[in-house]
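Observations on the three-dimensional arrangement
One-letter residues, chain by chain:
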There are 2 protein chains.
Amino acid sequence: YKRLRNKVIGVLNHMKAVAEEDPRRVIHSIKMGLALSLISIVYYFNPFYDGFGVSAMWAVLTVVVVFEFTVGATLGKGLNRGIATCIAGALGIAAHHLAGFAGDTAEPVLLGFFVFVLATTASFSRFFPGIKARYDYGVLIFILTFSLVSVSGYRVEKIIELAHQRLSTILIGSFTCVFISVFVCPVWAGEELHKLIALNMEKIADFLEGFGGELFDNNKEHSKDDKSVLQRYKSVLNSKTTEETMANFARWEPKHGSFKFRHPWKQYLKIGAVTRECAYRVDALNGYLNSNVQAPHEFKTKIQEKCTKISVESGKALRELALGITTMTHTNAADEHILNANIYTEELKETLKTSVLANTSLLQVIPVTTVASLLIEITICTEKIAESV
Amino acid sequence: YKRLRNKVIGVLNHMKAVAEEDPRRVIHSIKMGLALSLISIVYYFNPFYDGFGVSAMWAVLTVVVVFEFTVGATLGKGLNRGIATCIAGALGIAAHHLAGFAGDTAEPVLLGFFVFVLATTASFSRFFPGIKARYDYGVLIFILTFSLVSVSGYRVEKIIELAHQRLSTILIGSFTCVFISVFVCPVWAGEELHKLIALNMEKIADFLEGFGGELFDNNKEHSKDDKSVLQRYKSVLNSKTTEETMANFARWEPKHGSFKFRHPWKQYLKIGAVTRECAYRVDALNGYLNSNVQAPHEFKTKIQEKCTKISVESGKALRELALGITTMTHTNAADEHILNANIYTEELKETLKTSVLANTSLLQVIPVTTVASLLIEITICTEKIAESV
């Protein structure tokens, strides 16, 4: 009993953690339950919808399958489902008519052939990157509906009435989903993408601002919290897929908040790509964070000051840019920091140029110079980001 | 007309390109068509399956939705669908019975409440990472079936017979999918993952082997092919999601070829992660590929030789490791190259230690030393990879 109790408590804690990580997940679950209960009413009070009959279950099916976390995903799936059903239904009826002319024995063969050809072509089209990104679900529904209509047409006589019923139930289902996801605590994919991009830039800014202080600080008694802030940038490295999915969803969304219908979502992907490039450099820098730098003291202090300044200024510039994205205003606050970073970079270069090391070997200075060199690269990246914002 | 013709030719060329990139895509499409045509036979010759009736369309539906590119994905979806249907069906019937005791007015309210509670809980469980990775589709089908059964139970009297019919058609559909995907030109997710990991290592090896020659070579007349081989590593940077998806699919697959059922797929993910870490360093190196190195000649030649050797040896080691993975044999061929790389690294360090630059400024040597330093890091990464293979 005790073991079972511990397990239950474990699961409950896990649930709490998942819910706290993003409270909208709870809301989404409730919305899903709401949508399903609503659509079930259609089925319960069937007498009002005399025409529907068994087809009403298609409304339930549509709600379960179409309802997604973000508005964009729900809209995209709903539209895909609705349009694909229309086209495939029409084609299916046409195929059924055509096969009807062929006579009783040839009809099933011909219908089978049609299904084979269309299913093969449509399956193949799903490998096209452009179709995969936005219409994958539509093609799936197209294959499904075409096979069902053309094949069931062979049995059921009142095929057009059936198609009409099914279409209206699917439309009701889709509409319910879209309605609930837009009007009850909506989660916009566009807004998510917007926040994600700004957050990623902030994470790198966190690292850069913290890095300057950490690197040459030999005091190893840092709190763990401090370290984990520095490591937050790691999630930026693998953010590509999430960003692309979000952008695809966002393209389905209508005007909301300060985003227009044809908001330049691709621009976000570009900013994301440059940010990621910057993160790769940061990852390389991170490798030097724990290495013990053993350069001669005098030289070290000279370089240290510049490096810290470059790092902090780049970090500040990124933070300003992130803030600019969040508030959607165009400020010049970042430019100043970039200018500063560039000035310090020039100074660093000057220092490196003038310091001829007579009595120290190259090996000892390498970590320091590498860090300096990577920081210069990051400054360049920061400028690129500033340009594309 | 000419414009239309050009467009058609464009689409055809695009299709050819997609097909040539991976010819198995064509085979997959044909398999899909085959599976659908096969299952349609069940529907055509309905008299043999007197019990099925309208439920036969569930077989068609199952085939369209479950059939996937890899065996693992198909098996996973098929099993998820089958098991979820069983559990949800049983629960649905139970809910229907329970609600039956409540009387005519309370019944729909109680059923609606059950649907709401189960749909909300199940939707929430989809946010758990462990469930999302392997059972996402199963939970979806669970919600779907439970709502359909408990709600349709309110109308249809012969609910158990219906559940029985639906279950058998879904099983027939799933079985057809699994059968065709396993026995007609199967694409195993495990094998794909295996190849992908080895290919990624080879891509980095390509870069490292080519890098040594390119870096200090001032002859800028390289063919474009050469450059593109060097840039192939870029795809490794974002391979995380693909690898994880493949590993999830692979876990569903039975013994095939030289892979057992419980093959240590997680090990592949670890190797993949280290390879990616190596790729980040390579990306940082790549930044120096096009920079003009202006170090003094004598010093440059000294370093150049070592760097090239380290790079080539690391590349060779990676290639041997990749070969070891591909052939699934454990050879010591890579160890030798790693040993060499380490020897050269030590030599490089020695050279750097002894060369005291009296008349050159630090700034000029920075690119060279950074490259050296990054290469040393890559050697360490290579060793890590060798350890985990």
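Calculation criteria
- Residues numbered from 1 in each chain as written.
- Chains lettered and ligands numbered in written order.
- Predicted model: local features only at pLDDT ≥ 70, side-chain atom pairs only at ≥ 80, totals over all residues.
- Heavy atoms only, no water.
- Helix = DSSP H or I, 4+ residues; strand = E, 2+ residues; numbered from the N terminus.
- Buried < 20%, exposed > 50% of the residue type's maximum accessible area, 1.4 Å probe, protein only.
- pLDDT = per-residue confidence, 0-100.
- Contact = heavy atoms within 4.5 Å.
- Salt bridge = Lys/Arg side-chain N within 4 Å of Asp/Glu carboxyl O.
- Phe/Tyr/Trp six-rings, centres within 6.5 Å; stacked < 30°, edge-to-face > 60°.
- Lys NZ or Arg CZ within 6 Å of the ring centre and 35° of its normal.
- Expected span 1.5 Å × (residues − 1).
- Axes fitted to C-alpha atoms, helices over the stretch in contact; angles between N-to-C directions.
- Left-handed = near helix turned anticlockwise from the far one by under 90°.
- Nonpolar A, V, L, I, M, F, W, Y, C, P; charged D, E, K, R; others polar.
- Core = buried A, V, L, I, M, F, W, Y, C linked by side-chain atoms within 4.5 Å.

With respect to the overall build of chain A
Assigned secondary structure in chain A consists of 15 helices and 0 strands. Going through the 389 residues of chain A one by one, you find that 53% of them count as buried.

Looking at the confidence of the model for chain A
All names here are of chain A. Across chain A, pLDDT averages 75, with 72% of residues at or above 70. In the predicted structure, residues 218-224 sits below a pLDDT of 50 and forms 4 contacts with residues beyond four places in sequence or in another chain. The complex model carries a pTM of 0.81, and its ipTM stands at 0.80.

Focus: the pattern of salt bridges
When their charged atoms lie close together, side chains carrying opposite charge are able to pair. All names here are of chain A. For the structure shown, the criterion picks out 16 salt bridges over all chains. Salt-bridge contacts for Glu-68 lead to Lys-77; the nearest nitrogen and oxygen are separated by 3.1 Å. One salt bridge in this structure joins Glu-243 and Arg-276, with 3.2 Å as the shortest N-O distance. Taken together, the residues Glu-243 in helix H11 (residues 240-250) and Arg-276 in helix H12 (residues 265-286) connect sequence positions 33 residues apart.

Regarding the packing of aromatic side chains
Evaluation of the coordinates by the stated rule reveals 14 aromatic pairs over all chains. With 6.1 Å between their ring centres and 35° between their planes, Phe-175 of chain B and Phe-179 of chain B make a pair best called tilted. Pair noted here: Phe-175 of chain B and Phe-179 of chain B are both in helix H7 (residues 159-183), with a separation of 4 residues, about one helical turn. Of the residues examined, Phe-179 of chain B reaches a relative accessible area of 44% and is grouped as partly exposed. Across from the ring centre of Tyr-137 of chain A, 4.8 Å away, lies the NZ or CZ of Lys-77 of chain A, which sits over that ring.

A few points about helix H5 (residues 106-125) of chain A
Side chains of residues three or four places apart in an α-helix project in the same direction, reflecting 3.6 residues per turn. Over its 20 residues, H5 of chain A extends 29 Å from the first C-alpha to the last, a length consistent with the 28 Å expected when each residue adds 1.5 Å. Among all positions of H5 of chain A, only Glu-107, Pro-108, Leu-111, Gly-112, Phe-114, Val-115, Ala-119, Thr-120, Ala-122, Ser-123, Phe-124 and Ser-125 of chain A are buried.

A closer look at unusual backbone geometry
Located in the positive-phi region is Cys-185 of chain A, a residue other than glycine, with phi close to 40°. Structurally, Cys-185 of chain A can be placed in the loop between helix H7 (159-183) and helix H8 (189-215).

Quick word on the packing of helix H3 (residues 56-66) of chain A against H7 of chain A
All names here are of chain A. Here H3 crosses H7 at 35°, and the two axes come no closer than 8 Å. Handedness of the H3/H7 crossing: right-handed. Of the residues in H7, those touching H3 at Ala-56, Trp-58, Ala-59, Thr-62, Val-63 and Val-66 are Arg-166, Thr-169, Ile-170, Gly-173, Ser-174 and Cys-177. Grouping the constituent residues of the contact of H3 with H7 by class yields 7 nonpolar, 4 polar and 1 charged.

Overview of the environment of Trp-265 of chain A
All names here are of chain A. Position of Trp-265 among the secondary structure elements: in helix H12. Between the C-alpha atom of Trp-265 and that of Glu-244, which follows or precedes it by 21 residues, the distance is 9.6 Å. The residues touching Trp-265, leaving out its near neighbours within four places in the chain, are Gly-190, Leu-193, Ala-250, Arg-251 and Phe-259.

Comments concerning the nonpolar core
One finds Leu-36, Trp-58 and Ile-143 of chain A together with Leu-36, Trp-58 and Ile-143 of chain B to be the most contacted residues of the largest nonpolar core, which totals 68 residues. Among residues more than four places away in sequence, those in contact with Ile-143 of chain B are Met-32, Leu-36 and Val-64 of chain A together with Ala-119, Ala-122 and Ser-123 of chain B. Judged by nonpolar contacts, the second largest core, of 56 residues, contains Ala-279 of chain A together with Ala-189, Leu-193 and Met-201 of chain B.

Observations concerning the environment of Gly-72 of chain B
Residue and element names in this part refer to chain B. By the secondary structure assignment, Gly-72 is in helix H4 (residues 71-100). The class of Gly-72 is buried, set by a relative accessible area of 0%. In this structure, the C-alpha to C-alpha distance between Gly-72 and Gly-190, residues 118 residues apart in sequence, is 7.9 Å. Leaving out residues up to four positions away in the same chain, Gly-72 has contacts with Phe-249, Trp-252 and Glu-253.

Remarks on the environment of Lys-203 of chain A
Residue and element names in this part refer to chain A. Here Lys-203 shows up in helix H8. According to the relative accessible area criterion, Lys-203 is buried, its value standing at 13%. Each C-alpha atom of the pair Lys-203 and Phe-101 lies 67 Å from the other, and the pair is 102 residues apart in sequence.

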